[in-house]
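Structural features, examined
Now for the letters of each chain:
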Amino acid sequence: MHQQQRLNIVLEMVSERGNVSITDVSEHLSISTATARRDLNTLAEQRLVTRTHGGAAALGSGYELPLQYKIARQADAKLAIARAVEALIPPGATVGMNGGTTVTEVARALGRSDRMASAGGEPGITIVTNALNIAFESSVRENVKIVVTGGVPRRQSYELIGPLVGRSLQDFSLDIAVLGVDGLTPEFGATTLHEGEADASRQISALARRVIVAADQTKVGRSTFARICALDDVDVFVTDAPLPPRAAAQFDKAGVEVVVAATR
């Protein structure tokens with residue numbers, strides 16, 4: 001296993017547990033304690049964890065993995081979800097997108113889609129986003145027109161946040177909003193870890209005639225710090241596994257269509 005793969009796993013451990021010991025890392029990864037110690041030191045030097053005596057701890061109670069370390073998590077599910085979302089979007093649509101790994105995969109799927117091919121030199125799809133990584137990747141696609149909001153970037157997610165987001169969106173109208181979330185429950189709706197990102201996502205969704213939430217099954221039943229929107233503001237939820245019966249009934253009552261993506 002390469003060091004980067006080990007670092008990803010260690011960061012996931014810290015994110016889930018709050019703190020880990022050198023022994024925890026050594027046993028979980030089947031590596032020597034010396035290697036585990038070096039990996040923790042590397043993460044501490046990158047200011048991704050706080051080094052403690054005998055281990056490492058998360059930087060704070062609201063610890064969030066930086067985007068580049070989330071990419072490998074639930075990778076097959078994210079790709080399946082992206083394909084399913086792409087199939088729901090008609091050619092020529094104007095689509096608002098927030099950030100995150102799942103929505104990034106949706107943007108990639110749209111950029112590769114034969115259905116969204118340029119017609120007569122005009123782009124086949126317009127993406128309006130506050131995510132710098134999505135804007136950067138999509139800008140090389142001839143079939144995609146990219147519009148980027150204003151705002152101040154968060155380095156954890158590459159998303160632009162702040163009052164400039166709303167100001168740059170005020171004259172737009174969107175056919176569809178595709179939102180990535182950190183949690184989705186009947187009680188609190190769609191949520192995320194950071195209030196600035198929640199506000200930006202809320203403003204994107206408010207402009208759309210249809211709201212699609214794209215998230216894997218690990219987000220269902222989880223509620224995080226900041227609300228994006230209520231569940232009944234969501235039109236379609238695209239995920240990778242059927243909902244438990246009780247949750248399925250609650251989503252149905254809220255008028256949310258649930259689409260289960262087919263994995264390959």
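Before any of the text, the structure's been laid out above.
Note that the structure is a prediction, hence the values are computed from the model and not measured.

With that out of the way, let us pick up the pairing of strand 15 (residues 257–260). Look at any regular strand and the pattern is simple: side chains alternate between the two faces of the sheet. Relative to strand 15, strand 14 (residues 236–239) runs parallel, the two sharing four bridges. Of the residues in strand 15, the one forming a bridge with Thr239 is Val260. For the crossover that starts at strand 14, traverses helix 9 (residues 245–253) and ends in the parallel strand 15, the hand is right-handed.

What follows is about the packing of helix 1 (residues 3–17) against helix 3 (residues 33–45). Interaxial distance between helix 1 and helix 3 falls to 10 Å at its minimum, and their mutual angle equals 75°. Regarding the angle of helix 1 to helix 3, the classification is roughly perpendicular. Contact residues: Gln3, Arg6, Leu7, Val10 and Leu11 in helix 1; Thr35, Asp39, Leu40, Thr42 and Leu43 in helix 3. Here the residues of the contact of helix 1 with helix 3 are counted per class, giving five nonpolar, three polar and two charged.

Let us now look at the pairing of strand 4 (residues 94–97). By the alternation rule, side chains of strand 4 split into Thr94 and Gly96 and Val95 and Met97, which are all buried. Alignment of strand 4 against strand 5 (residues 125–129), held across four bridges, turns out to be parallel. Among the inter-strand pairings, Met97 is bridged to a residue of strand 5, identified as Thr129. Where the polypeptide runs from strand 4 across helix 5 (residues 101–112) and back to strand 5, its parallel neighbour, the crossover connection is right-handed. Across three bridges, strand 4 lies against strand 9 (residues 174–179) in parallel orientation. Bridge pairing in strand 9 places Val95 opposite Ile176.

The rules we used
- Residues numbered from 1 in each chain as written.
- Predicted model: local features only at pLDDT ≥ 70, side-chain atom pairs only at ≥ 80, totals over all residues.
- Heavy atoms only, no water.
- Pairing = 2+ DSSP bridges.
- Helix = DSSP H or I, 4+ residues; strand = E, 2+ residues; numbered from the N terminus.
- Right-handed = clockwise from strand over helix to strand, strands pointing away.
- Axes fitted to C-alpha atoms, helices over the stretch in contact; angles between N-to-C directions.
- Parallel < 35°, antiparallel > 145°, perpendicular 65-115°, else oblique.
- Contact = heavy atoms within 4.5 Å.
- Nonpolar A, V, L, I, M, F, W, Y, C, P; charged D, E, K, R; others polar.
- Buried < 20%, exposed > 50% of the residue type's maximum accessible area, 1.4 Å probe, protein only.

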